[in-house]
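# A look at the structure
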Amino acid sequence: LDTYFERSVGNNLEKLQNFTKYVPRQNLSRFLAKYEIFKQVLNVQVSIVECGVYQGGGLMTFAKLSAIFEPVNYQIKIIGFDTFEGFTDLSPEDQSGSSVHAVTGGLFLDAGIYEDMQECIELYDSNRFIGHIPKVFLVKGDIKETVPKYIEDHPSTVVSLLYLDVDV
């Protein structure tokens with residue numbers, strides 16, 4: 001698929017505009033599932049939280065769906081919690097089992113994913129109504145520490161959708 005994408009006709013923007021030509025059905029199914037979940041909370045004016053941002057596909061799915069279906073809603077927040085450093089503290093249980101291949105630092109082998117996500121959010125804000133009011137927030141660190149601290153600092157936070165993808 002990677003080779004096909006590289007040699008296929010068109011520039012990268014044209015390819016993205018025709019994304020269904022390149023995206024495997026499993027990824028498209030995951031996107032549609034998130035769309036269906038989002039529709040369930042569409043009229044609830046509170047926060048969407050994703051724990052485990054990875055490269056931002058899920059977080060930005062919820063953000064862009066919000067921009068499409070509620071373009072002038074400045075109250076909703078899309079909050080993403082992640083270390084942005086991979087697995088930083090693994091217990092022996094996380095490293096055992098026949099199907100587990102977790103390693104410290106795993107998943108984020110490429111440095112700069114946090115900065116990449118910040119740039120992505122800036123582009124997102126530049127292409128939506130009321131883009132000067134932040135809608136997407138990144139919380140960097142271990143969720144065992146950052147979630148309780150976030151709730152302490154923002155006690156009025158109400159979550160309409162909690163998406164957990166933390167792996168270990």
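Our structure is the block above this text.
Residues numbered from 1 in each chain as written. Predicted model: local features only at pLDDT ≥ 70, side-chain atom pairs only at ≥ 80, totals over all residues. Heavy atoms only, no water.

## A word on the sheet that holds strand S2 (residues 78–82)
So the rule is basically this: Between any two strands, at least two bridges found by DSSP are needed for them to pair. A run of H or I in DSSP counts as a helix once it spans at least four residues, and a run of E counts as a strand once it spans at least two, with each numbered from the N terminus. To define axes, lines are fitted to C-alpha atoms, for helices over the stretch in contact only, and angles between the resulting N-to-C directions are given on a 0 to 180 degree scale. Any pair of residues with heavy atoms lying within 4.5 Å of one another is described as a contacting pair.
Reading across from one edge, S3-S2-S1-S4 is the order of the 4 strands in this open sheet, with parallel pairing throughout. Both edges of this open sheet fall to strand S3 (136–140) and strand S4 (159–164), since each of them pairs with a single strand only. Across the sheet, the mean angle from the axis of one strand to that of its neighbour is 15 degrees, orientation sign disregarded. Here strand S1 (residues 47–51) pairs with S4 via 5 bridges, running parallel. Bridging across to S4, Val-49 finds its partner in Leu-162. Its contacts with the sheet put helix H4 (residues 57–69) on S1, S2, S3 and S4, and the angle it makes with S2 is roughly 175 degrees.

## A few points about the pattern of salt bridges
What counts is decided by this rule: Salt bridges are identified by distance alone: a Lys or Arg side-chain nitrogen within 4 Å of an Asp or Glu carboxyl oxygen. Exposure categories follow from relative accessible area, calculated using a 1.4 Å probe and restricted to protein chains: below 20% of the type maximum is buried, above 50% is exposed, and the middle band is partly exposed.
Applying the stated criterion across every chain, the model contains 4 salt bridges. One salt bridge in this structure joins Asp-153 and Lys-149, with 2.8 Å as the shortest N-O distance. Taken together, the residues span about one helical turn, with Asp-153 and Lys-149 both in helix H6 (residues 143–153) at a distance of 4 residues. By relative accessible area, which is 42% here, Asp-153 ends up partly exposed.

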